[in-house]
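Chains, contacts and geometry: an overview
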Amino acid sequence: MKWSMLELRKYKIEPLRFVEKLDLKKEIITRFSDFIIDISPLDIKGFLEYKDGDVYVHANVSGTMIVPSSRSLKPVDFALDFMIDEFYTTEEGHLERYEDTDAVIVLENDVLDFDEAIIEYVVLQLPLQILAEDEVLDNDLPAGNGWEVVTEEQLDAQKAENQTIDPRLAKLKDLFPDQD
């Protein structure tokens, strides 16, 4: 989904509506193979409009991708369904028109490559932690020779146990009774 700014000027009055099925698997897997195992073709629905030399794009993206479990690296299906609202301009002087919270991209050339925006948004959807279904139901955490994975609650309990005072140093607390 690439458009030149010259081509988009036709949509000053009536916005360009689009419904696409976009296959970005090759680009995404090539660049992000450590984080994404597979991705389905994405359904893109939205519109773009040209106004005062800038372009506003609103799109809904949905699909599914397979990512590795953050615990065991097992493949996990992850549903995608997100919105994109961005402004594109070719002149940096137009940035003052927008709020700080608006996503405004200054184009280096006169081509709006919306595929790149979609790829970036897909990567932003990756969760910090995702578990396979059996890992969610199973409370047994992985362990090995001299190591184990613990929950935050287990870690807090271990810290509380380890805060016992060495008996050889216990007499030192009587040295300064007015201090902790």
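Details of the structure are given in the entry above.
Here the structure is a predicted model, which is why all the values come from computation and not from measurement.

**Description of the overall build of the chain**
For the chain, the helix and strand inventory stands at 6 helices and 10 strands. A compact globule built from 180 residues would reach a C-alpha radius of gyration of about 16 Å, whereas the chain, at 26 Å, exceeds it by more than 25%. The dimensions of the chain, computed from C-alpha atoms along their principal axes, are 85 × 45 × 25 Å. Pairs at least 24 residues apart make up 60% of the contacts formed inside the chain by residues separated by at least 6 positions. Total accessible area on the chain stands at roughly 12800 Å², and carbon and sulfur atoms take up 50% of it. Separation between the mean location of the 18 positive side-chain charges and that of the 41 negative ones in the chain comes to 3 Å.

**A word on the layout of surface pockets**
Of the pockets and cavities examined, the largest pocket occupies roughly 210 Å³. Residue lining of the largest pocket: Glu86, Tyr88, Ile105, Val106, Leu107, Glu108, Asn109, Val111, Asp113, Glu116, Ala117 and Glu120, and that is the complete set. Elements that contribute at least two residues to the lining of the largest pocket include exactly β6 (75-89), β7 (104-106), β8 (111-113) and α3 (114-124). For the lining of the largest pocket, the element with the most residues is α3, which contributes 3 residues. The class makeup of the residues in the lining of the largest pocket is 6 nonpolar, 1 polar and 5 charged.

**Structural notes on the packing of helix α2 (residues 25-32) against α3**
Orientation of α2 relative to α3, taken along the N-to-C sense of each, is 50°, at an axis distance of 11 Å. The angle between the axes of α2 and α3 places the two elements in the oblique class. The crossing of α2 and α3 is right-handed. Contacts between α2 and α3 involve Glu27, Ile28, Arg31 and Phe32 from the former and Glu116, Ile119, Val122 and Val123 from the latter. Grouping the constituent residues of the contact of α2 with α3 by class yields 5 nonpolar, no polar and 3 charged.

**Topic: α3**
Along α3, the positions that sit buried rather than exposed are Phe114, Asp115, Ala117, Ile118, Ile119, Tyr121 and Val122. Measuring from the backbone nitrogen of aspartate 115 back to the side-chain oxygen at the start of α3 gives 3.3 Å, which picks out aspartate 113 as the cap.

**Examining the pattern of salt bridges**
One pass over the full model with this rule turns up 4 salt bridges. Salt-bridge contacts for lysine 25 lead to aspartate 38; the nearest nitrogen and oxygen are separated by 3.0 Å. Placement of lysine 25 in helix α2 and of aspartate 38 in strand β3 (residues 38-39) is noted, with a sequence separation of 13 residues between them. For glutamate 116, the salt bridge goes to arginine 31, with nearest N and O atoms at 3.1 Å. In this pair, glutamate 116 is assigned in helix α3 and arginine 31 in helix α2, connecting sequence segments 85 residues apart. The class of arginine 31 is partly exposed, set by a relative accessible area of 42%.

Parameters and conventions
- Residues numbered from 1 in each chain as written.
- Predicted model: local features only at pLDDT ≥ 70, side-chain atom pairs only at ≥ 80, totals over all residues.
- Heavy atoms only, no water.
- Helix = DSSP H or I, 4+ residues; strand = E, 2+ residues; numbered from the N terminus.
- Rg over C-alpha atoms; globule rule 2.2 N^0.38 Å.
- Contact = heavy atoms within 4.5 Å.
- Areas by Shrake-Rupley, 256 points an atom, 1.4 Å probe, with all protein chains shown as cover.
- Lys, Arg positive; Asp, Glu negative; His and termini not counted.
- Charge placed at Lys NZ, Arg CZ, Asp CG, Glu CD.
- 1 Å grid on protein atoms, 1.4 Å probe; cavity = no way out; pocket = protein on both sides within 12 Å on 5 of 7 lines; lining within 4 Å.
- Points joined across faces, edges and corners; volume = space filled by probe spheres on them.
- Nonpolar A, V, L, I, M, F, W, Y, C, P; charged D, E, K, R; others polar.
- Axes fitted to C-alpha atoms, helices over the stretch in contact; angles between N-to-C directions.
- Parallel < 35°, antiparallel > 145°, perpendicular 65-115°, else oblique.
- Left-handed = near helix turned anticlockwise from the far one by under 90°.
- Buried < 20%, exposed > 50% of the residue type's maximum accessible area, 1.4 Å probe, protein only.
- Polar contact = N/O pair within 3.5 Å; in protein donor to acceptor, adjacent residues only side chain to side chain.
- Salt bridge = Lys/Arg side-chain N within 4 Å of Asp/Glu carboxyl O.

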